[in-house]
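Inside the fold
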Amino acid sequence: MLTEHVEVYVYQAAKRGNWESGDTYFMQAEKDYFICAIADGLGSGPIARQSAQIIPKVLSEFHSETIDELLSRCNEYMVQKRGAAVAILKIDHTQKTIQYSCVGNVRLYILHNRTKMIYPLPVMGYLSGRPQKLNTQQYDYQAGDLFFLHSDGVTLNSPKFLLKESSGAYELSRNVLQTVDDGDDATFIAGSLLL
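First things first, this report covers the structure right here in the doc. (Residues numbered from 1 in each chain as written. Predicted model: local features only at pLDDT ≥ 70, side-chain atom pairs only at ≥ 80, totals over all residues. Heavy atoms only, no water.)

Quick notes on the overall build of the protein chain
- If you tally the helices and strands in the protein chain, you get five helices and ten strands.
- For the protein chain, whose C-alpha radius of gyration is 16 Å, the value lies close to the compact-globule estimate of 16 Å for 195 residues.
- Expressed along its principal axes, the backbone C-alpha trace of the protein chain runs to roughly 45 × 35 × 25 Å.
- Put simply, of all contacts in the protein chain between residues at least 6 apart along the chain, 68% involve residues at least 24 apart.
- As presented, the protein chain carries roughly 9,200 Å² of accessible surface, and 47% of it is formed by carbon and sulfur atoms.
- Across the protein chain, the mean location of the 18 positive side-chain charges is 4 Å away from that of the 22 negative side-chain charges. (Helix = DSSP H or I, 4+ residues; strand = E, 2+ residues; numbered from the N terminus. Rg over C-alpha atoms; globule rule 2.2 N^0.38 Å. Contact = heavy atoms within 4.5 Å. Areas by Shrake-Rupley, 256 points an atom, 1.4 Å probe, with all protein chains shown as cover. Lys, Arg positive; Asp, Glu negative; His and termini not counted. Charge placed at Lys NZ, Arg CZ, Asp CG, Glu CD.)

Some points on the side chain of D185
- Turning to its location among the elements, D185 is positioned in the loop between α5 (169-177) and β10 (186-193).
- Buried charge without a partner: D185 forms no salt bridge, and the closest opposite charge is K15, 7.4 Å away.
- Dropping the residues within four chain positions of it, D185 is found in contact with A13, A14, K15, E20, S21, G22, D23, G43, S44, G45, S151 and G153. (Buried < 20%, exposed > 50% of the residue type's maximum accessible area, 1.4 Å probe, protein only. Salt bridge = Lys/Arg side-chain N within 4 Å of Asp/Glu carboxyl O.)

Thoughts on the packing of helix α2 (residues 54-62) against helix α3 (residues 67-77)
- Relative to each other, α2 and α3 sit at 135°, their axes nearing to 10 Å. As the angle between them shows, α2 and α3 are arranged oblique. Handedness of the α2/α3 crossing: right-handed. Contact residues: I54, I55, V58, L59 and F62 in α2; L70, R73, C74 and Y77 in α3.
- When its residues are assigned to classes, the contact of α2 with α3 shows eight nonpolar, no polar and one charged. (Axes fitted to C-alpha atoms, helices over the stretch in contact; angles between N-to-C directions. Parallel < 35°, antiparallel > 145°, perpendicular 65-115°, else oblique. Left-handed = near helix turned anticlockwise from the far one by under 90°. Nonpolar A, V, L, I, M, F, W, Y, C, P; charged D, E, K, R; others polar.)

Side note on the packing of helix α1 (residues 45-52) against α2
- Contact pair α1 / α2: the axes reach a minimum separation of 5 Å and the direction vectors enclose 25°. Between α1 and α2, the angle falls in the class roughly parallel. Contacts from Q50, S51 and A52 of α1 reach α2 at I54, I55 and P56.

Brief notes about the packing of aromatic side chains
- Taken as a whole, this structure holds four aromatic pairs when the rule is applied.
- Between Y11 and F188 the ring centres are 5.4 Å apart and the planes differ by 25°, which places this aromatic pair in the stacked class. Placement of Y11 in strand β1 (residues 6-13) and of F188 in strand β10 is noted, with a sequence separation of 177 residues between them.
- Relative accessible area serves as the criterion here: at 1%, F188 is assigned to the buried category.
- A ring pair is formed by Y109 and Y119, whose centres lie 5.1 Å apart and whose planes are at 15°; its orientation type is stacked. Taken together, the residues span a long stretch of sequence, with Y109 in strand β6 (residues 107-112) and Y119 in the loop between β7 (116-118) and β8 (137-140) at a distance of ten residues.
- Classification of Y109 as buried rests on a relative accessible area of 11%.
- Accessibility expressed as a relative area gives 35% for Y119, which makes it partly exposed.
- Among the aromatic residues, those joined into a ring-pair cluster are Y11, F148 and F188.
- Directly above the aromatic system of F62 lies the positively charged group of R73, at a separation of 3.6 Å from the ring centroid. (Phe/Tyr/Trp six-rings, centres within 6.5 Å; stacked < 30°, edge-to-face > 60°. Lys NZ or Arg CZ within 6 Å of the ring centre and 35° of its normal.)

Right, dumping it as structure tokens:
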């Protein structure tokens, strides 16, 4: 996906031997903001996907809401489901900010100003319908900053090196693809902030 504000590349693959990934992702570009998310359903295959699919359904309808509102709404739909680790990233082009919140083991890395690595710590656990503590964080960004959001099926040995050695989202996605195996459901979203 390419807009005047962001360039984004997505990768998704199912665990070896499965037809379906237990991960899902969502992306939506609006005039004033870009929002993306990854959900990693507990387990793998179709049963994990049932929980993970809730996130793109909710975000496609309510993406203009705050991240806390979106995560709370997603959590409500997880009752009687297996559950999912979920991360949502929202970029406000007007304010030049990145907002982020995560419950579970989906990870985010941001390379700011080609030098500063930002690695927000997630809230442990997963969305399951039970009350959940949320911790939305906000960061300023500038043109040229990179972000990388990924499920636990993607393992980065040296995230800072990978982001620093990548000139943009395309090169970052190509570099990470060389390290991905198919031992687990794997999803990532690599992005460059343009304006």
